[in-house]
Amino acid sequence: MLHIVLVEPEIPQNTGNISRTCAATGSKLHLVRPLGFEITESRVRRAGLDYWPLLDLEIHDSLDELFRRYPEAAEHLWLTTTRAERSYDAADYRGACWLFFGKETAGLPRWFRERYASRCVRIPMRPEARSLNLSNAVAIVAYEALRQRGFPGLTAVGRGTASDPEAGEHSPSK
């Protein structure tokens, strides 16, 4: 399973987009407090998040708590940061995989990046660009990890295509 970890996310719309990516890919989403927003059933319902029941979500009070609960995460992690030398596509995401992303305004904590410096990756971009949107960064790296694994559990056929056995159900000719 692919684990996506957001450390202290601040913008609910980014987390909503990332939640949708996790739901669509079968990845588990971990949120590390403090969060810059509330997650309540009424807010989720009001936002029309029809994919929410597909989401495997866990909220942790701290990174320490996450690592106590999942000690194996420390052996199989990748930290995404603009401060890394290695490109995200040079990493090997096969096997157990935990992808960590920092908060929108500051990224991952310095001590965390320094502790796992050999496990830091970045998404290439122009030098004058500060960073990509968090939800875009998660999608880019997550899909590379899934590609390397052969997209496990994901369909290879798109909806409504000629190869889709249910494509004819919505066809105007029927």
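The shown structure was predicted, so the numbers you read here are calculated from the model rather than taken from an experiment. (Residues numbered from 1 in each chain as written. Predicted model: local features only at pLDDT ≥ 70, side-chain atom pairs only at ≥ 80, totals over all residues. Heavy atoms only, no water.)

1. Here's the deal with unusual backbone geometry
Put simply, the test is: Working definition: helices are DSSP H or I runs of at least four residues, strands are E runs of at least two. Numbering for both runs from the N terminus. Think of it in three bands: residues with accessible area under 20% of the maximum for their type are buried, residues over 50% are exposed, and the middle band is partly exposed, with areas taken using a 1.4 Å probe on protein chains only.
Between Arg33 and Pro34 the backbone carries a cis peptide bond, its omega angle lying at 5 degrees. Relative to the helices and strands, Pro34 resides in the loop between strand S2 (28-32) and helix H2 (41-46). Backbone geometry at Glu8 places phi at a positive 55 degrees, although glycine is not the residue there. Relative to the assigned elements, Glu8 resides in the loop between strand S1 (2-7) and helix H1 (12-25). For Glu8, a relative accessible area of 25% corresponds to the partly exposed category. For Phe151, which is not glycine, the phi torsion reads 50 degrees and is therefore positive. Note that Phe151 resides in the segment after helix H5 (134-148). With relative accessibility at 34%, the residue Phe151 sits in the partly exposed group.

2. Some details on the sheet that holds S2
Test applied: The criterion for strand pairing is that DSSP finds at least two bridges linking the strands in question.
Pairing is parallel across the open sheet formed by seven strands, whose spatial order is S3-S2-S1-S6-S4-S7-S5. The open sheet is flanked by strand S3 (56-60) and strand S5 (86-87), the only strands paired with a single partner. Across two bridges, the pairing between S5 and strand S7 (residues 120-122) is parallel. Note that in S7 the partner of Ser87 across the bridge is Arg122.

3. Looking at H5
Because the α-helix completes a turn every 3.6 residues, residues three or four places apart line up on one side. Spelled out, the test is: By definition here, a helix of n residues has an expected span of 1.5 Å times n minus one. Two residues form a contact once any of their heavy atoms are found within 4.5 Å.
Given a rise of 1.5 Å per residue, 15 residues ought to cover 21 Å, and the 21 Å separating the end C-alpha atoms of H5 matches this to within 8%. Among the residues of H5, those classed as buried are Leu134, Ser135, Ala137, Val138, Val141, Ala142, Glu144, Ala145 and Leu146. Those residues of H5 hidden inside the fold are in contact with S1, H1, strand S4 (77-80) and strand S6 (97-101).

4. Overview of the nonpolar core
We count it as follows: The nonpolar core is taken to be a set of buried Ala, Val, Leu, Ile, Met, Phe, Trp, Tyr and Cys residues, with the residues joined through side-chain atoms within 4.5 Å.
One finds Ile4, Tyr93, Leu99 and Phe101 to be the most contacted residues of the largest nonpolar core, which totals 24 residues. Broken down by element, this core gets its largest block of residues, seven residues, from H5. Here Ile4 is in contact with Ile18, Cys22, Ser27, Lys28, Leu29, His30, Leu99, Phe101, Val138 and Ala142, once residues within four sequence places are set aside. Within the second largest apolar cluster, 17 residues are counted, among which are Leu63, Tyr70, Leu77 and Cys120.

5. Some words on the packing of H1 against H5
The following threshold applies: To obtain an axis, a line is fitted to C-alpha atoms, over the contacting stretch when the element is a helix, and the angle between two such axes runs from 0 to 180 degrees between their N-to-C directions. The cut-offs work like this: below 35 degrees is roughly parallel, past 145 is roughly antiparallel, 65 to 115 is roughly perpendicular, and the gaps in between are oblique. Each crossing gets its hand from how the near helix is turned against the far one by less than a right angle, where anticlockwise is left-handed and clockwise is right-handed. Three residue categories are used. Nonpolar comprises Ala, Val, Leu, Ile, Met, Phe, Trp, Tyr, Cys and Pro, charged comprises Asp, Glu, Lys and Arg, and polar comprises the others, including Gly.
Packing of H1 against H5 brings their axes to within 8 Å, and their N-to-C directions diverge by 20 degrees. Comparing the axis directions of H1 and H5 gives the class roughly parallel. Between H1 and H5 lies a crossing of right-handed hand. Within the contact between the two elements, H1 uses Asn14, Asn17, Ile18, Thr21 and Thr25 and H5 uses Leu134, Ser135, Val138, Ala139, Tyr143 and Leu146. Here the residues of the contact of H1 with H5 are counted per class, giving six nonpolar, five polar and no charged.

6. As for the layout of surface pockets
Quick note on the threshold: A 1.4 Å probe that fits but cannot get out identifies a cavity on a 1 Å grid over protein atoms alone, an open set with protein on both sides within 12 Å along at least five of seven lines counts as a pocket, and a residue lines either if it has an atom within 4 Å of a point. Grid points are joined across faces, edges and corners, and a volume is the space filled by probe spheres set on the points.
As a volume, the largest pocket reaches approximately 450 Å³. Lining the largest pocket are 22 residues; nearest its centre among them are Thr82, Glu104, Gly107, Ser131 and Leu132. Grouping the constituent residues of the lining of the largest pocket by class yields eight nonpolar, nine polar and five charged.

7. So, the confidence of the model for the chain
Spelled out, the test is: Along the chain, pLDDT gives the predictor's confidence residue by residue, from 0 to 100.
For the chain, per-residue confidence averages 89 on the pLDDT scale, and residues scoring 70 or more make up 87% of the total. Contacts of residues 170-174 to residues separated by more than four positions or lying in other chains number one contact, the stretch itself having pLDDT below 50.

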